[in-house]
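# Examination of the molecular architecture
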Amino acid sequence: MKIKKHRDLTLIDINEKQFLVISCDSLGGIGDKEHDMVKTSPEVSGYFTTQVALMELLAFGAKPITIVNTLSVEMEDTGRRIIEGIEKALEPLDFDTSNLVTGSTEENIPVTTTGMGMTIIGIIDKNNWEKPITYPGLIAAVVGLPKVGNEVLADKGKTIMDIPKLLKLKEKEYIKEILPIGSKGILYELGEMARTNNIDFELEEDVNVDLKKTGGPSTCVVVSMEEDKYEELKEKFPIPVNKIGRFL
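These remarks concern the structure in this document. (Residues numbered from 1 in each chain as written. Predicted model: local features only at pLDDT ≥ 70, side-chain atom pairs only at ≥ 80, totals over all residues. Heavy atoms only, no water.)

### Regarding the pairing of strand 7 (residues 101-104)
Sheet analysis places strand 6 (residues 63-71) next to strand 7, joined by four bridges and oriented parallel. If you follow Val-68 over to strand 7, its bridge partner there is Thr-102. Handedness of the crossover is the feature at issue here: the chain leaves strand 6, passes through helix 2 (residues 75-90), returns alongside strand 7, and the resulting connection is right-handed. (Pairing = 2+ DSSP bridges. Helix = DSSP H or I, 4+ residues; strand = E, 2+ residues; numbered from the N terminus. Right-handed = clockwise from strand over helix to strand, strands pointing away.)

Right, dumping it as structure tokens:
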């Protein structure tokens, strides 16, 4: 059995036909408890934490088989409401997700700040999977805008990514690779996309998006794509699309 890292994912080669893919995310201080810094509902906290780990798996081509939530809150009622948010994030998936979710809560100590961890295990059938590859000649574009905290709540989905939008991107043959943006920002993830494909990139002279700002709960993604399809994507996709560079 071989275990290796691929960016933020852990890949476990379990047999000749399959390998597991593990992604994770965490959240702290975002919820409706007394000492939370960003005030929102537990459902929203559960939804967006799930979105981060789930988008990483889906972008790589894995099918989630187990979702483990480690909740640093009591089950009633905060934990139950977080789980409702987790389940809502799974709704766009076109298969039965009823038995995917498991986890634990804090029942011994009173908690005044919301905290949670999320681990998702996915599986890939090697015979039916084509590894996403970026190669020279493709351009890099950012779909969505990097936002964090209260910006995410105020946006109401107008300019940010979500699971349904990610699935729409995956349907487009001219998009070769999708990489969700995390707390290290667009420029870092663009560099990771180039590094893991053993190529280089150059930035556009005029970039209309902050390349170093945190992407929060994966509110945007960087994609590698065919240049002649850029205007079509920019015009028809429901959230902002910005070209930021090209691969060399």
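### Observations regarding the sheet that holds strand 11 (residues 201-203)
Here five strands make up an open sheet; going across it, the order is 10-12-9-13-11 and the pairing antiparallel. With one partner strand each, in any of the chains shown, strand 10 (175-180) and strand 11 form the two edges of the open sheet. The sheet shows a mean angle of 30° between the axes of neighbouring strands, taken without regard to direction. Across three bridges, strand 11 lies against strand 13 (residues 241-247) in antiparallel orientation. Directly across from Phe-201, in strand 13, lies its bridge partner Phe-247. In the packing of helix 4 (residues 163-170) onto the sheet, contacts are made with strand 9 (139-144), strand 10 and strand 12 (220-225), and the angle to strand 10 comes to roughly 155°. (Axes fitted to C-alpha atoms, helices over the stretch in contact; angles between N-to-C directions. Contact = heavy atoms within 4.5 Å.)

### Quick notes on empty space enclosed by the protein
Applying the stated criterion to the full structure yields one cavity of 30 Å³ or more. As a volume, the largest cavity reaches approximately 120 Å³. Lining the largest cavity are 13 residues, and of these Arg-7, Leu-9, Glu-56, Leu-179 and Pro-180 lie nearest its centre. Put simply, the parts of the chain that give the lining of the largest cavity at least two residues each are helix 1 (42-60) and strand 10. (1 Å grid on protein atoms, 1.4 Å probe; cavity = no way out; pocket = protein on both sides within 12 Å on 5 of 7 lines; lining within 4 Å. Points joined across faces, edges and corners; volume = space filled by probe spheres on them.)

### Digging into a nonpolar patch on the surface
On the surface, a cluster of nonpolar side chains totalling about 350 Å² of accessible area is made up of Met-1, Ile-3 and Ile-14. With respect to the secondary-structure elements, Ile-14 resides in the loop between strand 2 (9-13) and strand 3 (18-28). When its relative accessible area of 35% is taken as the criterion, Ile-14 is described as partly exposed. (Patch = residues over 30% accessible without salt bridge, like charges linked within 9 Å, V, L, I, M, F, W, Y side chains within 5 Å. Areas by Shrake-Rupley, 256 points an atom, 1.4 Å probe, with all protein chains shown as cover. Salt bridge = Lys/Arg side-chain N within 4 Å of Asp/Glu carboxyl O. Buried < 20%, exposed > 50% of the residue type's maximum accessible area, 1.4 Å probe, protein only.)

### Brief notes about the sheet that holds strand 7
Taken in spatial order, the six strands line up as 1-2-3-8-6-7 in an open sheet, and their pairing is mixed. At either end of the open sheet lies a strand with only one pairing partner, and these are strand 1 (2-6) and strand 7. With strand direction ignored, the average angle separating the axes of adjacent strands in the sheet is 20°. As judged from the eight bridges shared by strand 6 and strand 8 (residues 115-125), these two strands associate in the antiparallel manner. Bridge pairing in strand 8 places Asn-69 opposite Met-118.

### Describing the pairing of strand 8
Here strand 3 runs beside strand 8; their pairing, made up of eleven bridges, is antiparallel. Each bridged residue has a counterpart across the sheet, and for Leu-20 the counterpart in strand 8 is Ile-123.

### What about helix 4?
Along helix 4, the residues that are buried comprise Ile-163, Lys-165, Leu-166 and Leu-169. Taken around the axis of helix 4, the buried residues stretch over an arc of 160°, which confines them to a single face. Buried-residue contacts for helix 4 involve helix 1, helix 2, strand 9, strand 10, strand 12 and helix 6 (230-236). Among the residues of helix 4, the N-terminal cap falls to Asp-162, whose side-chain oxygen and the backbone nitrogen of Lys-165 are separated by 2.9 Å. (Arc of directions from axis to C-beta. Polar contact = N/O pair within 3.5 Å; in protein donor to acceptor, adjacent residues only side chain to side chain.)

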